Amino acid sequence: MARDRQLAQRFRRPVVAALVLALAVPISFVWGGAAMAAPTASDLQSQLRKLNSEADQAVERYLEAQLALKQTKQSLSSIQRQVAQARDQVDALRGLVSARAADAYMFGPADFALVLNPGAADDTLDRMQTLTLLAQRASDQLQDLTTADRAFQEELARLAKIERDREEQVKKLAAEKDRVNKLVVRTQTLLSELRAAGGAGAVNGVDPGVAVGSAPPPPSGSGGAAAAVRYAYAQVGKPYSFGAAGPGAFDCSGLTMMAWRQGGIALPHSAAAQYSIGRHVSRAELQPGDLIFRYSPISHVAMYVGGGMQVAATHTGSTVKVQPAFQGSIVGYSRPTG
């Protein structure tokens with residue numbers, strides 16, 4: 001018995017020592033079987049920038065799906081009107097052909113009797129020419145009905161295809177929105193971690209901004225670009241929200257769309273679509289109101305306001321800011337034109 005107690009004590013000492021050593025080691029995270037230190041504020045900032053870029057692309061896909069659905073709905077309304085017109089034309093022609101057929105059934109023998117009625121040869125010839133003309137007209141109406149009916153069936157087929165496209169686009173839009181919502185949740189979680197690790201300064205460092213007074217004053221005058229820049233300045237400080245176009249919140253293309261609406265130019269709610277409108281310019285040609293596009297594929301847009309500065313609706317958890325213009329992955333510049 002004494003020997004058992006001695007053996008137990010001998011094995012207990014190394015175990016206790018190992019536990020004491022383990023408790024003395026600083027707490028760390030284990031990832032993939034390897035110990036890792038808790039992420040620093042700098043690490044979290046880097047992760048957040050990558051996540052913002054991923055979210056920008058997801059938001060752009062969502063906006064493009066939304067734009068495609070809107071255009072399809074407009075096409076659907078137009079084709080529905082065309083189908084209704086084609087149906088009316090078919091019905092009208094069918095009525096004429098039916099009436100002509102009824103007349104021929106009821107009065108045809110009488111017309112034939114008129115032709116055979118003895119009398120002047122000239123009268124008989126006139127009657128024959130008249131009946132030939134009537135027969136030709138009936139044949140033309142029947143041909144018109146066939147053509148109109150074919151056009152009607154083609155319009156119906158187009159309508160059915162667009163309705164199927166619309167259903168697919170609705171599903172795609174819902175899927176893209178769900179994807180963006182998940183990215184928003186991830187972003188908000190990462191922002192909370194960054195705020196805990198480095199404070200508000202670390203969060204603001206992801207999308208740095210400057211005071212409005214540090215940027216050139218909005219241009220004066222009544223031109224479209226001046227009105228667009230003034231509007232953009234007036235939104236500084238409002239929160240970013242994907243899919244938003246004011247008045248209380250904006251995403252990047254929602255801000256530039258609404259700003260240029262004040263300048264009399266209609267832009268679509270999509271950064272990539274906005275890039276295709278207007279004249280492309282070089283960096284040396286930039287003027288206040290011009291747009292700056294980032295990432296490939298294009299998924300972010302900002303407005304140049306002069307003096308090397310821009311106004312942009314930034315990312316989830318941030319706001320509309322005045323920022324240095326020439327940072328990040330710029331792919332081009334454009335000047336909206338009517």
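Heads up: the structure comes first, above all this text.
Keep in mind the model is a prediction, meaning the values are calculated, not measured.

Undergrad: Before we go on, may I ask you to explain the overall build of the chain in this structure?
TA: Counting secondary structure elements, the chain contains 6 helices and 8 strands. Relative to its full complement of 338 residues, the chain shows a buried share of 34%. Nonlocal contacts in the chain, meaning residues at least 24 apart in sequence, comprise 66% of its contacts between residues at least 6 apart.

Undergrad: Looking at this structure, how should I read the pattern of salt bridges?
TA: Where side chains of opposite charge bring their charged atoms close, a pairing between them can arise. Counted by the stated rule, this structure contains 8 salt bridges. Residues Arg-186 and Glu-54 are paired through a salt bridge, measuring 3.8 Å at the closest nitrogen-oxygen approach. You can see Arg-186 sitting in helix α3 (residues 121-204) and its partner Glu-54 sitting in helix α2 (residues 41-116), a full 132 residues away along the chain. Residue Arg-186 is classed as partly exposed on the basis of its relative accessible area, which comes to 46%. Take Glu-54: its relative accessible area is 39%, and that puts it in the partly exposed class.

Undergrad: What exactly am I supposed to notice about the environment of Phe-242 here?
TA: By the secondary structure assignment, Phe-242 is in the loop between α4 (224-234) and α5 (252-262). Judged by relative accessible area, which is 17%, Phe-242 ranks as buried. Counting along the chain gives 71 residues from Phe-242 to Ala-313, while the straight-line C-alpha distance between them is 9.6 Å. Setting aside anything within four residues of it in sequence, one finds Phe-242 in contact with Val-59, Tyr-62, Lys-177, Val-180, Asn-181, Val-184 and Asp-251.

Undergrad: Would you mind showing me how to read the packing of aromatic side chains here?
TA: What characterises a pair of aromatic rings is the spacing of the ring centres plus the angle enclosed by the ring planes. In this structure the tally under the stated criterion is 4 aromatic pairs. Seen in terms of ring centroids, Tyr-275 and Phe-293 are 4.9 Å apart; in terms of plane orientation they differ by 70 degrees. Their pairing is edge-to-face. Of this pair, Tyr-275 sits in helix α6 (residues 271-275) while Phe-293 sits in strand β4 (residues 291-294), and the two are 18 residues apart along the sequence.

Undergrad: Quick question: what am I supposed to make of the layout of surface pockets here?
TA: Here the idea is plain: a probe the size of a water molecule rolls over the atoms and shows the empty space left. Computed from the structure, the largest pocket encloses a volume of approximately 300 Å³. No other element matches the 3 residues that α2 contributes to the lining of the largest pocket. A class-by-class count of the residues in the lining of the largest pocket yields 3 nonpolar, 9 polar and 3 charged.

Undergrad: Teacher, can you tell me more about α5 here?
TA: Taking burial as the measure, the 11 residues of α5 include 9 buried ones, the bulk of the element. Those residues of α5 not exposed but buried are Cys-252, Ser-253, Gly-254, Leu-255, Thr-256, Met-257, Met-258, Ala-259 and Trp-260. With its phi angle positive at about 85 degrees, Gly-264 sits one or two positions after the end of α5.

Undergrad: Teacher, can you tell me more about the pairing of β4 here?
TA: In the case of a regular strand, side chains alternate between the two sheet surfaces. Alternating positions in β4 separate into two faces, Leu-291 and Phe-293 on one and Ile-292 and Arg-294 on the other, with burial throughout. By the bridge criterion, 4 bridges tie β4 to strand β5 (residues 300-306) in an arrangement that is antiparallel. Paired with Ile-292 across the bridge in β5 is Ala-302. As defined by bridge partners, β4 adjoins strand β8 (residues 330-335) across 4 bridges and the pair is classed as antiparallel. Note on β8: the bridge partner recorded for Phe-293 is Gly-332.

Undergrad: When you look at the pairing of β5 in this model, what are you seeing that I'm missing?
TA: Judged by how many residues are buried, β5 sits mostly within the fold: 7 of 7 residues are covered. The turn linking β4 back onto β5 is made up of 5 residues, and Tyr-295 within it adopts a positive phi angle of 75 degrees. Taken together, the 3 bridges between β5 and strand β6 (residues 309-313) define a ladder with antiparallel strand orientation. The partner of Tyr-304 across the bridge, within β6, is Gln-310. Counting the residues in the hairpin turn of β5 and β6 gives 2 residues, including Gly-307, whose phi is positive at 60 degrees.

Undergrad: Explanation requested: the packing of α4 against α5 in the structure shown.
TA: Working note: a packed helix pair is described by the angle between its axes plus the distance between those axes. Between α4 and α5, whose axes approach to 7 Å, the crossing angle comes to 135 degrees. Classified by the angle between their axes, α4 and α5 sit oblique to one another. Note that α4 runs across α5; the crossing there is right-handed. Listed contacts from α5 to Gly-224, Ala-225, Ala-227, Ala-228, Tyr-231 and Ala-232 of α4 are Leu-255, Met-258, Ala-259, Trp-260 and Gln-262.

Undergrad: I tried to follow empty space enclosed by the protein on my own but got confused; where do I start?
TA: Under the definition given, this model contains 1 cavity of 30 Å³ or more. The space that makes up the largest cavity amounts to roughly 80 Å³. Tallied by class, the residues present in the lining of the largest cavity amount to 7 nonpolar, 5 polar and 1 charged.

Undergrad: Looking at this model, I keep getting lost on the side chain of Gln-310. Mind explaining?
TA: Among the secondary structure elements, Gln-310 is positioned in strand β6. Judged by relative accessible area, which is 2%, Gln-310 ranks as buried. There is a polar contact of 3.1 Å between the side chain of Gln-310 and the side chain of Arg-294. Excluding its chain neighbours within four sequence positions, the residues that come into contact with Gln-310 are Ile-292, Arg-294, Ala-302, Met-303, Tyr-304, Val-305, Lys-321, Val-322, Gln-323, Pro-324 and Ala-325.

Undergrad: Help me out: how do you make sense of unusual backbone geometry in this one?
TA: Glycine aside, residues mostly have negative phi angles, and peptide bonds mostly take the trans form. With omega at 0 degrees, the peptide bond leading from Gly-246 into Pro-247 counts as cis. Tracing the backbone through its elements, the reader meets Pro-247 in the loop between α4 and α5. For the peptide bond that leads from Ser-296 to Pro-297, omega is 0 degrees, which places it in the cis range. Mapping Pro-297 onto the fold places it in the loop between β4 and β5. Unlike most non-glycine residues, Tyr-295 shows phi in positive territory, near 75 degrees. Mapped onto the elements of the fold, Tyr-295 is located in the loop between β4 and β5.

Rules and cut-offs
Residues numbered from 1 in each chain as written. Predicted model: local features only at pLDDT ≥ 70, side-chain atom pairs only at ≥ 80, totals over all residues. Heavy atoms only, no water. Helix = DSSP H or I, 4+ residues; strand = E, 2+ residues; numbered from the N terminus. Buried < 20%, exposed > 50% of the residue type's maximum accessible area, 1.4 Å probe, protein only. Contact = heavy atoms within 4.5 Å. Salt bridge = Lys/Arg side-chain N within 4 Å of Asp/Glu carboxyl O. Phe/Tyr/Trp six-rings, centres within 6.5 Å; stacked < 30°, edge-to-face > 60°. 1 Å grid on protein atoms, 1.4 Å probe; cavity = no way out; pocket = protein on both sides within 12 Å on 5 of 7 lines; lining within 4 Å. Points joined across faces, edges and corners; volume = space filled by probe spheres on them. Nonpolar A, V, L, I, M, F, W, Y, C, P; charged D, E, K, R; others polar. Pairing = 2+ DSSP bridges. Axes fitted to C-alpha atoms, helices over the stretch in contact; angles between N-to-C directions. Parallel < 35°, antiparallel > 145°, perpendicular 65-115°, else oblique. Left-handed = near helix turned anticlockwise from the far one by under 90°. Polar contact = N/O pair within 3.5 Å; in protein donor to acceptor, adjacent residues only side chain to side chain.

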